[in-house]
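Remarks on the overall topology
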Amino acid sequence: MDALKKITAVFVSLVVHGITLMFIVLGASIIYRSPGFLLAWAVGGLLIAIGALLFPRPRRLPADAEVLARSSAPELYGVARRVAEAVRARPPAAVAVRDLEVASEYVRVGWRLRPVLVVGLPLWLVLSARQRVVLLARTYTKKDDHGLLMSGALWTLAQWRESLMSGGGPLELREEAHNRLVISLGAEAPRGSYQAAGTLGRVVGYVLGWPALLLERALLWLARPGDGRDVQAGPAPLEGVATEAEAARLTELIEGRRFLAPVQAAALRGATISEIRESTLARAGDLDERAATARQGERLLDPASSAAIDEELSAHYARAVRGFGLIS
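Residues numbered from 1 in each chain as written. Predicted model: local features only at pLDDT ≥ 70, side-chain atom pairs only at ≥ 80, totals over all residues. Heavy atoms only, no water.

**Some thoughts on the packing of aromatic side chains**
The final tally for this structure, using the stated rule, is 1 aromatic pair. Ring geometry for Tyr106 versus Tyr140: centroids 5.0 Å apart, planes at 85 degrees, classification edge-to-face. Highlighted residues: Tyr106 in strand 3 (residues 105–109) and Tyr140 in helix 5 (residues 129–141), separated in sequence by 34 residues. With relative accessibility at 11%, the residue Tyr106 sits in the buried group. (Phe/Tyr/Trp six-rings, centres within 6.5 Å; stacked < 30°, edge-to-face > 60°. Helix = DSSP H or I, 4+ residues; strand = E, 2+ residues; numbered from the N terminus. Buried < 20%, exposed > 50% of the residue type's maximum accessible area, 1.4 Å probe, protein only.)

So this is what it looks like as structure tokens:
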């Protein structure tokens, strides 16, 4: 991101946060000036509630991510730290696993932006020691974190947009209530009032929601580099850890998901974790341990340490493999 785009992104983020604070301050001011009026409490409380709804929350781990204790997975924590240092990334404070997620990610969670490495078990299971190093290096250098200020603004804009523009579908409850009213009151029932109110609400929602959508798109564009691709480190940090060909091969494997069908079939047959891993590695020549050529990669994770990691994750593998059939 160049300097001008970064400055503009910060400015837009500050404007978004300023609007959020404005709701809270304005609501509190109305209540403070007229504490004896019920209407002041109603209006002020509504504005404060809107501000609280739009107030940014820190990023959290996915609900299905399980953080591993360092004492239960010392080898996994060790390779995570070594690869992070090799690509000049901050070592993760914690490592988590996801049973049914293929991709791995390196995220910063909480207000303190605690770095956490999240490993997807289905892919990790079938990778050789060398490919596991490549996966970790690729995960660390693929940066999609925009910082607390910008991430908070994007979260606020998403909440704003979804709250205002989510009413475009059919309003079944309103239609049902209107039908009951017609049955009860007959000719005296108001005509079209429910539909009119719903239409008016959707129009107002779209009118107020479009600025949020445009600001969100603009901020996402400002968060990208000049070529329009995701922010990602160049090849220099991967030098000595993974070659360009290895990174491309792994990307193709992740996007094509060639490994998934054989793993799912083996899981349905009741194959053990070791059988699934051995058969997958035997079929995929690009995942053969003999393909490891970079000396530093061997030092980061050798086959013996990789096997020790599998032993640490054995209970998690056993649980995850039962749900592999749900992965699409």
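**Points about the pattern of salt bridges**
Summed over the entire model, instances satisfying the criterion amount to 8 salt bridges. Glu66 is the partner of Arg319 in a salt bridge, and the nearest nitrogen-oxygen pair spans 2.9 Å. One end of the pair, Arg319, is in helix 14 (residues 314–321); the other, Glu66, is in strand 1 (residues 65–68), with 253 residues separating them in the sequence. Overall, Arg319 belongs to the partly exposed group, its relative accessible area being 33%. Here Glu66 falls in the partly exposed class, since its relative accessible area comes to 29%. Here Arg132 ties to Asp310 by a salt bridge, and the two come within 2.7 Å at their closest N and O atoms. In this pair, Arg132 sits in helix 5 while Asp310 sits in helix 13 (residues 303–312), placing the two residues 178 residues apart along the sequence. Each member of the salt-bridge network shares a partner with another, and the members are Glu66, Asp99 and Arg319. (Salt bridge = Lys/Arg side-chain N within 4 Å of Asp/Glu carboxyl O.)

**What to know about the sheet that holds strand 2 (residues 94–98)**
The 4 strands lie next to each other as 1-2-4-3, forming an open sheet whose pairing is mixed. If you trace the sheet from one side to the other, it starts and ends with strand 1 and strand 3, each paired once. The mean angle between the axes of side-by-side strands here comes to 35 degrees, regardless of whether they run parallel or antiparallel. In this structure, strand 3 lies alongside strand 4 (residues 114–120), joined through 5 bridges in antiparallel fashion. Its bridge partner lying in strand 4, Arg108 is registered against Pro115. (Pairing = 2+ DSSP bridges. Axes fitted to C-alpha atoms, helices over the stretch in contact; angles between N-to-C directions.)

**Quick look at the nonpolar core**
For soluble globular proteins, nonpolar side chains are generally found buried alongside one another. Leu76, Val83, Leu123, Trp124, Tyr140, Phe259 and Leu313 are the most contacted members of the largest nonpolar core, which totals 56 residues. Residues in contact with Val83, not counting those within four places in the same chain, are Val133, Leu136, Ala137, Tyr140 and Leu300. Of all hydrophobic cores here, the second largest spans 13 residues; its members include Ala9, Met150, Leu154 and Ala212. (Core = buried A, V, L, I, M, F, W, Y, C linked by side-chain atoms within 4.5 Å. Contact = heavy atoms within 4.5 Å.)

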